[in-house]
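Results of the structural survey
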Amino acid sequence: MRKFMMEALKEAQKAEKSGSVPIGAVIVENNKIISRSGNKVIRNCDPTAHAEILAIRRACSFLNSRIINECDIFVTLEPCPMCAHAISLARIRRVYFGAYNLSVMKSNSFASSQEIVGLEIIGGVLETQCAKILQNFFDLKRS
């Protein structure tokens, strides 16, 4: 679990280097990474280019299926509602995330959502490291 989140953190670092918010995601099937991406919202001028969305697109393409229910996703930040819905539509089996998304109202957070039936959600994986990269990024932007 930690090894895959470390890979997601590497994707977050790549996103940061390109000027985007440092969020990374990897998708795993049978204990092997089949897809990875960092956030590319700014780089691609695309508000939907979140790390999760891009990783899901690549995994679906790789598996030639819109349903990837044998896969797990590791993402450095708790998914937003758009990404949560995409994860649900792809029927991803399990979600591991690092930092909790404090910008989402707690009642609407991904981790507390009751709408996603059958999806296992594990939050706080390498939470300190995942939160730190985001905090450093926003601290630099504010200074």
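Here, every reference points to the structure presented above.
Residues numbered from 1 in each chain as written. Predicted model: local features only at pLDDT ≥ 70, side-chain atom pairs only at ≥ 80, totals over all residues. Heavy atoms only, no water.

1. Some thoughts on the overall build of the chain
When you go through the chain residue by residue, the secondary structure sums to 5 helices and 5 strands. Along the chain, helices (α) and strands (β) appear in the sequence α-β-β-α-α-β-α-β-β-α when read from the amino end. For the chain, the C-alpha radius of gyration of 14 Å lies close to 15 Å, the compact-globule estimate for 143 residues. Its C-alpha atoms give the chain principal-axis dimensions of roughly 45 × 30 × 30 Å. Across the 143 residues of the chain, 47% fall into the buried class. Total accessible area on the chain stands at roughly 7800 Å², and carbon and sulfur atoms take up 52% of it. Averaged over its 19 positive side-chain charges, the chain has a centre that lies 6 Å from the centre of its 13 negative ones. (Helix = DSSP H or I, 4+ residues; strand = E, 2+ residues; numbered from the N terminus. Rg over C-alpha atoms; globule rule 2.2 N^0.38 Å. Buried < 20%, exposed > 50% of the residue type's maximum accessible area, 1.4 Å probe, protein only. Areas by Shrake-Rupley, 256 points an atom, 1.4 Å probe, with all protein chains shown as cover. Lys, Arg positive; Asp, Glu negative; His and termini not counted. Charge placed at Lys NZ, Arg CZ, Asp CG, Glu CD.)

2. What about helix α1 (residues 2–17)?
For α1, built from 16 residues, the straight-helix expectation of 22 Å at 1.5 Å per residue is met to within 8% by its first-to-last C-alpha distance of 23 Å. Buried within α1 are the following residues: Phe4, Met5, Glu7, Ala8, Leu9, Glu11, Ala12 and Ala15. Elements in contact with the buried residues of α1: β1 (24–29), β2 (32–38), β3 (71–77), β4 (94–99) and α5 (127–142). Directly beyond the C-terminal end of α1, a positive phi value near 95 degrees is found at Gly19. (Expected span 1.5 Å × (residues − 1). Contact = heavy atoms within 4.5 Å.)

3. Quick look at the packing of α1 against α5
Following both chains from N to C, one finds α1 and α5 inclined at 10 degrees, their axes separated by 10 Å at the closest point. In terms of orientation, α1 and α5 fall into the roughly parallel class. Residue-level inspection shows Met5, Leu9, Ala12, Gln13 and Glu16 of α1 in contact with α5, the latter providing Gln129, Cys130, Ile133 and Phe137. (Axes fitted to C-alpha atoms, helices over the stretch in contact; angles between N-to-C directions. Parallel < 35°, antiparallel > 145°, perpendicular 65-115°, else oblique.)

4. Structural notes on the side chain of Glu78
By the element assignment, Glu78 lies in the loop between β3 and α4 (81–90). Exposure remark for Glu78: the relative accessible area of 2% places this residue in the buried category. Of note is the side chain of Glu78, whose polar atom sits 2.9 Å from the backbone nitrogen of Asn101. (Polar contact = N/O pair within 3.5 Å; in protein donor to acceptor, adjacent residues only side chain to side chain.)

5. So, the environment of Gln135
For Gln135, the location among the structural elements is in helix α5. On the basis of relative accessible area, Gln135 is assigned to the partly exposed category, the value being 43%. Each C-alpha atom of the pair Gln135 and Pro22 lies 9.7 Å from the other, and the pair is 113 residues apart in sequence.

None of the figures reported here should be taken as evidence of function without further support.
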